[in-house]
Amino acid sequence: MPDSGVTEVAILDLADLGPTPVGARVDDVEVVVWRTADGSIGIVARQCPHLDWDLVEGVPDGSTLRCPGHGWSIDADGRVYKRNEFGREDDKGCTQHWSSTVRDGKIWTRSEPRREVPGGETRT
Ligand code: FES
């Protein structure tokens, strides 16, 4: 089988992930890791796709991480949107995101980010 260049890498000890987001690296890419309300783990590019706010300062909010800059929300599938005061969600495209697996007390991901979001614009 040909080598796809994609490898599985441990990026964080599970014990280091508390209620607030944590920064990590996937190869040479800065990412932010957080736990969603349902207990799953999100991994997305660390810089907000709007104006590069550091998402380590983001606020977990249900299934999303909300940027403190201007309130855009990012889910674990990389979807980005802005929710107004009436609950309407305006699509803002998507950002790089990675899969997550927990094994042996560590959070693992694949070294290649997943970018496909049905109906979404990809931003890298
Ligand atoms: S910098 Fe994140 S919403 Fe504006």
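Everything quoted here is computed from the prediction, not taken from an experiment.

### Digging into the overall build of the protein chain
Then, in step 1: Counting its regular elements, the protein chain contains 0 helices and 12 strands.
Then, in step 2: Secondary structure elements in the protein chain, listed N-terminal to C-terminal, are β-β-β-β-β-β-β-β-β-β-β-β.
Then, in step 3: Split into buried and exposed, the 124 residues of the protein chain put 29% on the buried side.
Then, in step 4: Put simply, 42% of the contacts in the protein chain that link residues at least 6 apart link residues at least 24 apart.

### As for the sheet that holds strand E1 (residues 8–13)
Then, in step 1: Sheet architecture is open: 3 strands sit in the order E1-E12-E11, paired in antiparallel fashion. At either margin of the open sheet sits one strand with a lone partner, and together these are E1 and strand E11 (101–103). Across the sheet, the mean angle from the axis of one strand to that of its neighbour is 40 degrees, orientation sign disregarded.
Then, in step 2: Judged from the 5 bridges that link them, E1 and strand E12 (residues 106–110) form a sheet pairing that is antiparallel. Across the sheet, the residue bridging to Ala 10 is Trp 108, located in E12.

### As for the sheet that holds strand E6 (residues 64–66)
Then, in step 1: Spatially, 5 strands are ordered E5-E6-E7-E8-E9 in an open sheet, and the strand pairing comes out antiparallel. The sheet is open, and its two edges are formed by strand E5 (59–61) and strand E9 (89–94), each paired on a single side. Looking at each pair of strands side by side, their axes are set apart by 30 degrees on average, direction ignored.
Then, in step 2: Across 3 bridges, strand E7 (residues 72–75) lies against strand E8 (residues 79–83) in antiparallel orientation.

### Some remarks on the environment of Trp 108
Then, in step 1: Relative to the assigned elements, Trp 108 resides in strand E12.
Then, in step 2: Along the primary structure Trp 108 and Ala 10 are separated by 98 residues, whereas in three dimensions their C-alpha atoms are 4.2 Å apart.
Then, in step 3: For Trp 108, the contacting residues outside a window of four places in its chain are Glu 8, Val 9, Ala 10, Thr 101 and Arg 103.

### Concerning the nonpolar core
Then, in step 1: In terms of nonpolar packing, the biggest core is built from 19 residues, with Val 31, Val 32, Val 33, Val 44 and Leu 55 touching the most fellow members.
Then, in step 2: Going through the elements one at a time, strand E3 (29–35), strand E4 (41–45) and E7 are the ones with two or more residues in this core.
Then, in step 3: A total of 4 residues in this core trace back to one element, the largest contributor, which is E3.
Then, in step 4: Residue contacts for Val 33: discarding those within four places in its chain leaves Leu 12, Leu 17, Pro 21, Val 22, Ala 24, Ile 41, Ile 43 and Ile 107.

### Focus on the environment of Pro 60
Then, in step 1: You can see Pro 60 is positioned in strand E5.
Then, in step 2: By C-beta crowding, Pro 60 is classed as partly exposed, having 16 other C-beta atoms within 10 Å.
Then, in step 3: Considering only alpha carbons, one finds Pro 60 and Ala 37, 23 residues apart in sequence, at a separation of 7.8 Å.
Then, in step 4: Once you skip the residues sitting within four places of it in the chain, Pro 60 turns out to touch Pro 21, Trp 34, Arg 35, Thr 36 and Leu 65.

### Side note on the pairing of E4
Then, in step 1: With respect to burial, E4 is a largely interior element, 4 of its 5 residues being buried.
Then, in step 2: Note that E4 and strand E10 (residues 97–98) share 2 bridges and pair antiparallel. What sits directly across from Val 44, in E10, is His 97.

The rules we used
- Sequence order as written defines the numbering, with residues in each chain counted from 1.
- Where local features are concerned, this predicted model is filtered to residues with pLDDT of at least 70; where side-chain atom pairs are given and counted, the filter is 80 or more; whole-chain, interface and lining totals use all residues.
- Put simply, DSSP marks the helices as runs of H or I at least four residues long and the strands as runs of E at least two long, and each gets a number from the N terminus on.
- Here a residue counts as buried when 20 or more other C-beta atoms sit within 10 Å of its C-beta, as exposed when there are 12 or fewer, and as partly exposed otherwise, the C-beta atoms being derived from the backbone.
- In this description, any two residues whose backbone-derived C-beta atoms lie within 7 Å of each other are considered to be in contact.
- Note on pairing: DSSP must find at least two bridges between two strands before they are called paired.
- The axes are straight lines fitted to the C-alpha atoms, using for helices just the contacting stretch, and the angles between their N-to-C directions are given from 0 to 180°.
- Defined on buried residues, the nonpolar core groups Ala, Val, Leu, Ile, Met, Phe, Trp, Tyr and Cys residues joined through C-beta atoms within 7 Å.

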